[in-house]
Amino acid sequence: MQEIELKFLVPESRLKGLMRQTHVKSSQTTQLAAHYYDTTDQQLAQAGIGLRIRKEGDTWVQTIKAGGDGIAARLEHNAVLNNEQVQAMLNNNELMPDLTIYEDTPISAALSEFKLKKLAKTLTRLYVTDVERTTRLLTESNEDGADNCIEMAYDQGEIIHGTDDSLRKAIQEIEFELVSGDLDFLFTTAKIWCKRYKLCLSTVTKAENGSLLINGQNHSPAVNANLNQLQVDKDSSAPAFIRAVVHNCLLQILPNSSAIVAGSTDDDHILQLRIGIDRLRTALKAFAEFSDETNPEWLQILNQTATLLSDYYQLAYINAQIEPELQSLGAPAVDWTTDIEDIKITPINTLQANDFQITLLELIAFTMSDSSIESQTNQLAKDKLEKILAKQYKKFVKTNKKTDEVIDIELVSSDTNASTDTAYDDQSESELLNQLRNLRCIGEFSAPLLSKKKAKKKTKRWLKRLIKAQKALEQLNDDNQYQKLYELKSKTDASALYGAGWFAAILTGDQNHIDARLAKFADSSTFW
């Protein structure tokens with residue numbers, strides 16, 4: 001069967017109020033003791049599979065979870081075990097899962113890459129969980145008389161290392177699982193609780209937390225964009241296509257957001273989250289006409305979130321990456337700690353904001369909604385994509401040509417041969433860079449639908465040249481921003497003059513490589 005659930009972290013400041021709503025007369029409290037299994041090199045975890053044996057009240061249940069949409073839905077198989085047999089195995093410290101029960105079940109496909117007999121011999125208990133779960137049912141009657149039903153479960157406890165019980169990780173989370181009825185009821189209910197108790201979405205499972213514990217990590221590595229997970233085909237309708245694209249962006253956004261709201265200050269999580277949001281913003285703007293179900297307010301919230309993340313990331317990157325590099329070249333140290341602390345809204349504050357969390361919930365709901373009931377369901381996405389790509393590419397070529405003409409005029413009128421004359425002004429640079437970023441996103445999302453079998457090399461070549469042009473201009477943009485920050489910093493700290501001068505020297509360097517990258521891409525033959 002497939003379970004559909006939403007998991008949230010609970011902030012300490014709202015815990016008492018939330019517990020008053022979870023611990024009511026109709027609620028039930030159960031002690032859950034779970035044993036999680038994997039190979040020593042965690043082959044199941046790498047395949048996105050969680051395997052456990054858990055005592056639920058007086059009953060022992062073996063559960064495996066796998067697959068799903070990577071966000072809110074997962075395949076789950078539960079098997080009730082014989083209590084006496086389990087107790088006998090526990091007494092002999094021999095409790096192990098029985099993999100034979102998965103033969104000829106829907107979950108068997110997730111295990112197809114494993115030889116079950118061989119896997120059974122290599123399994124070991126990696127960690128256990130000791131959790132107190134409080135559940136209550138939330139119900140609502142439909143117009144047709146049927147009931148919508150959600151199980152709300154509040155979990156509090158800890159994960160314990162399988163061989164060293166001094167190593168532990170606390171658990172404090174709340175889940176909403178759809179038992180029966182409409183998805184709308186699940187998301188509407190989750191939004192109400194999210195607003196009331198400032199809950200933050202988390203995609204981190206107990207199995208993932210257990211793996212982090214035994215690996216000595218606090219958070220999983222940052223997640224990059226993965227276009228191999230984009231589930232579209234050449235016959236995708238416009239509404240189905242935009243849902244698939246949004247889903248693909250969320251697969252990058254949600255894990256990185258989950259790490260940050262759980263306390264990560266890793267620059268990579270911030271960077272990849274911002275990139276994911278940028279991809280999503282581009283998609284929502286470019287494919288706005290593909291669906292009548294998108295909300296214009298999503299873009300407003302995403303724009304605001306991206307700006308706040310960028311402001312913080314710039315200073316954090318300077319402090320962690322650029323300063324050590326400059327100091328290795330002999331520059332005096334510049335302390336950016338105060339500047340970072342002066343930013344009132346940090347990444348975790350930004351993501352904990354209700355409007356961002358509600359937007360994430362609405363986006364997830366959108367991806368899971370039925371695209372076939374939309375008015376445009378008979379319109380193929382590829383018929384629209386060609387026009388969008390052509391228009392965007394034409395706009396880039398025009399802007400690039402206009403920029404070249406301005407530079408040529410400056411060169412003719414200049415009395416010197418200073419290379420600064422060929423540098424792009426901030427407005428032209430920003431415009432070109434945004435167009436390249438947009439083209440890349442639209443091109444990568446469109447390629448599976450528009451790329452012809454005999455022209456796959458042409459598609460790869462076009463994207464490769466685009467990415468090289470984008471990276472060259474992006475580096476110029478970054479250096480320009482860092483130069484401005486060091487120059488501004490030098491007004492209160494003279495040590496920053498070295499950095500300001502160093503970046504100024506880079507910016508006055510030869511622009512030929514940027515010109516070449518842009519020209520080569522502008523001359524590329526398109527793949528659509």
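Residues numbered from 1 in each chain as written. Predicted model: local features only at pLDDT ≥ 70, side-chain atom pairs only at ≥ 80, totals over all residues. Heavy atoms only, no water.

Caption draft 1: Just the overall build of the protein, in detail. Regarding its fold elements, the protein presents 17 helices and 9 strands. Structurally, the protein occupies a C-alpha span of about 95 × 60 × 50 Å along its principal axes. Evaluated residue by residue, the protein yields a buried proportion of 47% over its 528 residues. The long-range share in the protein, meaning contacts at least 24 apart out of those at least 6 apart in sequence, stands at 75%. When the accessible surface of the protein is totalled, it reaches about 26400 Å², and 47% of it is carbon and sulfur. Counting 59 positive and 74 negative side-chain charges, the protein places the averaged centre of each group 5 Å from the other. (Helix = DSSP H or I, 4+ residues; strand = E, 2+ residues; numbered from the N terminus. Buried < 20%, exposed > 50% of the residue type's maximum accessible area, 1.4 Å probe, protein only. Contact = heavy atoms within 4.5 Å. Areas by Shrake-Rupley, 256 points an atom, 1.4 Å probe, with all protein chains shown as cover. Lys, Arg positive; Asp, Glu negative; His and termini not counted. Charge placed at Lys NZ, Arg CZ, Asp CG, Glu CD.)

Caption draft 2: Structural detail: the packing of helix α15 (residues 456–489) against helix α16 (residues 496–507). Their axes nearest at 8 Å, the elements α15 and α16 cross at an angle of 150 degrees. When the interaxial angle is binned, α15 and α16 end up roughly antiparallel. The handedness of the crossing between α15 and α16 is left-handed. The segment α15 lies against α16, with Leu-476, Asp-479, Asn-480, Tyr-482, Gln-483, Tyr-486, Glu-487 and Lys-489 engaging Ala-496, Gly-499, Ala-500, Phe-503, Ala-504, Ile-506 and Leu-507. Counted by class, the contact of α15 with α16 contains 9 nonpolar, 3 polar and 3 charged residues. (Axes fitted to C-alpha atoms, helices over the stretch in contact; angles between N-to-C directions. Parallel < 35°, antiparallel > 145°, perpendicular 65-115°, else oblique. Left-handed = near helix turned anticlockwise from the far one by under 90°. Nonpolar A, V, L, I, M, F, W, Y, C, P; charged D, E, K, R; others polar.)

Caption draft 3: Structural context of a positive patch on the surface. On the surface, Lys-234, Lys-452, Lys-453, Lys-456, Lys-457, Lys-458, Lys-460 and Arg-461 cluster together to form a positively charged patch. Tracing the chain through its elements places Lys-452 in the loop between α14 (426–450) and α15. (Patch = residues over 30% accessible without salt bridge, like charges linked within 9 Å, V, L, I, M, F, W, Y side chains within 5 Å. Salt bridge = Lys/Arg side-chain N within 4 Å of Asp/Glu carboxyl O.)

Caption draft 4: Just the side chain of Asp-155, in detail. Its place among the elements puts Asp-155 in strand β7 (residues 147–161). On the basis of relative accessible area, Asp-155 is assigned to the buried category, the value being 0%. Of the polar contacts made by the side chain of Asp-155, one reaches the side chain of Arg-133; its length is 2.7 Å. With near-sequence residues (within four places) excluded, Asp-155 lies in contact with Val-131, Glu-132, Arg-133, Ile-171, Gln-172, Glu-173, Glu-175 and Lys-206. (Polar contact = N/O pair within 3.5 Å; in protein donor to acceptor, adjacent residues only side chain to side chain.)

Caption draft 5: Expanded view of helix α1 (residues 15–22). Among all positions of α1, only Leu-15, Gly-17, Leu-18 and Thr-22 are buried. All buried residues of α1 lie within an arc of 160 degrees about the axis, which places them on one face of the element. Across from the buried face of α1, at angles greater than 90 degrees, the exposed residues are Lys-16 and Arg-20. Next to the buried residues of α1 lie β6 (124–141), β7, β8 (168–180) and α5 (183–197). (Arc of directions from axis to C-beta.)

Caption draft 6: Looking closely at the nonpolar core. Judged by nonpolar contacts, the single largest core of 111 residues is most densely connected at Phe-8, Ile-174, Phe-176, Leu-199, Phe-241, Phe-287 and Tyr-486. If we skip the residues at most four places from it in the chain, Phe-176 touches Ile-4, Glu-5, Leu-6, Phe-8, Leu-138, Ile-150, Glu-151, Met-152, Leu-186, Trp-193 and Leu-199. Among the nonpolar cores identified, the runner-up in size contains 17 residues, and Leu-44, Val-86, Leu-111 and Leu-119 belong to it. (Core = buried A, V, L, I, M, F, W, Y, C linked by side-chain atoms within 4.5 Å.)

Caption draft 7: Looking closely at the pattern of salt bridges. Inspection of the entire model under this criterion finds 17 salt bridges. With a closest N to O distance of 2.8 Å, Lys-206 and Asp-155 form a salt bridge. Residue Lys-206 is located in helix α6 (residues 206–214), and its partner Asp-155 is located in strand β7; the two are separated by 51 residues in the primary sequence. Here Lys-206 matches Asp-155 in class, with each residue buried. Here Asp-278 ties to Arg-274 by a salt bridge, and the two come within 4.0 Å at their closest N and O atoms. Residue Asp-278 and its partner Arg-274 are both found in helix α8 (residues 267–286); the two are separated by 4 residues, about one turn of the helix. What you see here is one network of salt bridges that share partners, running through Lys-7, Arg-133, Asp-155, Glu-173, Glu-175 and Lys-206.

Caption draft 8: Region of interest: the pairing of strand β2 (residues 28–38). Bridge analysis of β2 against β6 gives 11 bridges, and the strand direction is antiparallel. Paired with Ala-33 across the two strands is Asp-130, which belongs to β6. (Pairing = 2+ DSSP bridges.)

Caption draft 9: Representation of the pairing of strand β1 (residues 2–9) in the model. Among the 8 residues in β1, 6 count as buried, and that is most of the element. With 3 bridges joining them, β1 and strand β5 (residues 73–80) adopt antiparallel strand pairing. Bridging across to β5, Gln-2 finds its partner in Leu-75. Taken together, the 5 bridges between β1 and β8 define a ladder with antiparallel strand orientation.

Caption draft 10: Focus on a negative patch on the surface. Together, Glu-140, Glu-143, Asp-144, Asp-182 and Asp-184 give the surface a local cluster of negative charge. Within the secondary structure, Glu-143 is located in the loop between β6 and β7. You can call Glu-143 exposed: its relative accessible area is 88%.

Caption draft 11: Structural detail: unusual backbone geometry. The phi dihedral of Gln-42 is positive, around 55 degrees, even though this residue is not glycine. Tracing the sequence through the fold places Gln-42 in the loop between β2 and α2 (43–46). Exposure remark for Gln-42: the relative accessible area of 10% places this residue in the buried category.

Caption draft 12: Structural detail: the packing of aromatic side chains. Taken as a whole, this structure holds 23 aromatic pairs when the rule is applied. Judged by centre distance (5.9 Å) and plane angle (85 degrees), the rings of Tyr-393 and Trp-528 are edge-to-face. With Tyr-393 in helix α13 (residues 381–413) and Trp-528 in the segment after α17 (512–522), the pair connects residues that are 135 residues apart, well separated along the chain. Aromatic ring contacts, followed pair by pair, group Tyr-313, Tyr-317, Trp-336, Tyr-482, Tyr-486, Trp-502 and Phe-503 into a single cluster. Sitting above the plane of the Trp-336 ring, Lys-489 keeps its charged end 5.2 Å from the centroid. (Phe/Tyr/Trp six-rings, centres within 6.5 Å; stacked < 30°, edge-to-face > 60°. Lys NZ or Arg CZ within 6 Å of the ring centre and 35° of its normal.)

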